[in-house]
Amino acid sequence: MAKLVSIKEAINLIKDGATIMIGGFLSCGAPDKLIDGLIENGAKNLTMISNDTSVPECDKGKLIVNKQIKKLITSHIGTNPETGRQMATGDIEVELTPMGTLMERIRAKGAGLGGVLTPTGVGTVIEKGKKTVDIDGKKFIFEKPLGADFALIYGTKADKYGNVAYFGTTRNCNTVMATAAKTVIVQADEVVDNLDPNEVIIPGIFVDYIVEKKAGV
């Protein structure tokens, strides 16, 4: 299968009501051109799983402003006032999850696990309505795995086989999200014929489609 496609070809796979994971910590490692394509596509009533909602004028934040997100599963929304406003008015359902717990739930899905046990949130509102387990006198919350229909992720460099490499902190949650979605779309700054195996962070077996950012189409 040819993995290198245009932004339009990749994004047109996403339909109303889909669940999407989007990588990046704020704008660091966020697949901005794929997000712009999703805005142009206009798919709505989406469930978005992301570390944050960035700021109103950038990447993930623009999806909030454009009211394409029906439900949000995230760690923090404080940098985007529009997310808080829509949460208060009921225009968007927000499930706030501690950052470590969010990443572990995604990792569990990718690893085929039935869930994770965490002490984070015990005795707080996070525990409400969830199963708890006592292990050696210590209480843990059981958190279910978290997957998606699509993962939109960033890569510094990819090869035609879908192997992905990263520079610095841009890998953030992109790497774990690549394991937990039915369809994984990578926006790479550069696409080469072959990556040095020592550079590979995400093996190509996880990647379905690649978009080269400098191509812009």
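S.K.: Got a sec to walk through the sheet that holds strand β5 (residues 116–118)? Specific residues and values, please.
M.R.: Pairing is antiparallel across the open sheet formed by three strands, whose spatial order is β5-β7-β6. Looking at which strands have only one partner, the edges of the open sheet turn out to be β5 and β6 (132–135). Across the sheet, the mean angle from the axis of one strand to that of its neighbour is 40°, orientation sign disregarded. Taken together, the four bridges between β6 and strand β7 (residues 138–143) define a ladder with antiparallel strand orientation. Paired with Asp-134 across the strands is Lys-139, a residue of β7. Those strands touched by helix α5 (residues 99–111) are β5 and β7, and its axis lies near 160° from that of β5.

S.K.: Describe the environment of Gly-100, listing the residues and the values that go with them.
M.R.: In this structure, Gly-100 sits in helix α5. Residue classification places Gly-100 among the partly exposed residues on the basis of a relative accessible area of 47%. Distance in space between the C-alpha atoms of Gly-100 and Ser-75 is 8.8 Å, their sequence separation being 25 residues.

S.K.: Quick one: what's the story with helix α4 (residues 81–89), residue by residue and with numbers?
M.R.: Those residues of α4 lying buried are Glu-82, Thr-83 and Gln-86. Projected down its long axis, α4 shows its buried positions confined to an angular sector of 105°, all on one face. Turned more than 90 degrees from where α4 packs its buried face, Pro-81 and Ala-88 sit exposed. Those residues of α4 hidden inside the fold are in contact with α3 (59–65) and β3 (69–74). Of the residues that open α4, the one with a side-chain oxygen 3.0 Å from the backbone nitrogen of Glu-82 is Asn-80.

S.K.: Lay out the pairing of strand β4 (residues 93–96) in plain terms, naming residues and giving numbers.
M.R.: For β3 and β4, the ladder comprises four bridges, and the chain directions are parallel. Opposite Ile-73, over in β4, you have Glu-95 as the bridge partner. Chirality of the crossover, the property in question, places the unit of β3, α4 and β4 among those that are right-handed.

S.K.: Give me the lowdown on unusual backbone geometry, citing residues and values where you can.
M.R.: Located in the positive-phi region is Leu-26, a residue other than glycine, with phi close to 55°. By the secondary structure assignment, Leu-26 is in the loop between β1 (19–22) and α2 (32–41). Phi at Asn-45 is positive, roughly 55°, even though this residue is not glycine. If you trace the backbone, Asn-45 turns up in the loop between α2 and β2 (46–50). With relative accessibility at 43%, the residue Asn-45 sits in the partly exposed group.

What counts and what doesn't
Position numbers for residues start from 1 in each chain and track the written sequence from start to end. Side-chain atom pairs in this predicted model are given and counted only at pLDDT of 80 or more, local residue features only at pLDDT of at least 70, and totals for whole chains, interfaces and linings cover all residues. With hydrogens and water stripped out, all remaining heavy atoms of the structure feed into the side-chain values. Strand pairing follows a simple DSSP-based rule, namely that at least 2 bridges must link the two strands. Numbered from the N terminus, helices here are DSSP runs of H or I no shorter than four residues, and strands are runs of E no shorter than two. Angular values range over 0 to 180 degrees, each being the angle between N-to-C directions of two axes fitted as lines to C-alpha atoms, with helices fitted over their stretch in contact. Contacts: residue pairs with any heavy atoms within 4.5 Å of one another. Relative accessible area decides the class of each residue, using a 1.4 Å probe on protein chains only: under 20% of the type maximum gives buried, over 50% gives exposed, and in between gives partly exposed. Note that the arc is computed from the directions linking the helix axis to the C-beta atoms. Here a polar contact means two N or O atoms within 3.5 Å. Within protein one must be a hydrogen donor candidate and the other an acceptor candidate, and residues neighboring in sequence count only if both atoms are side-chain atoms. With strands facing away from the observer, any crossover in which the path from the first strand over the helix to the second runs clockwise is taken as right-handed.

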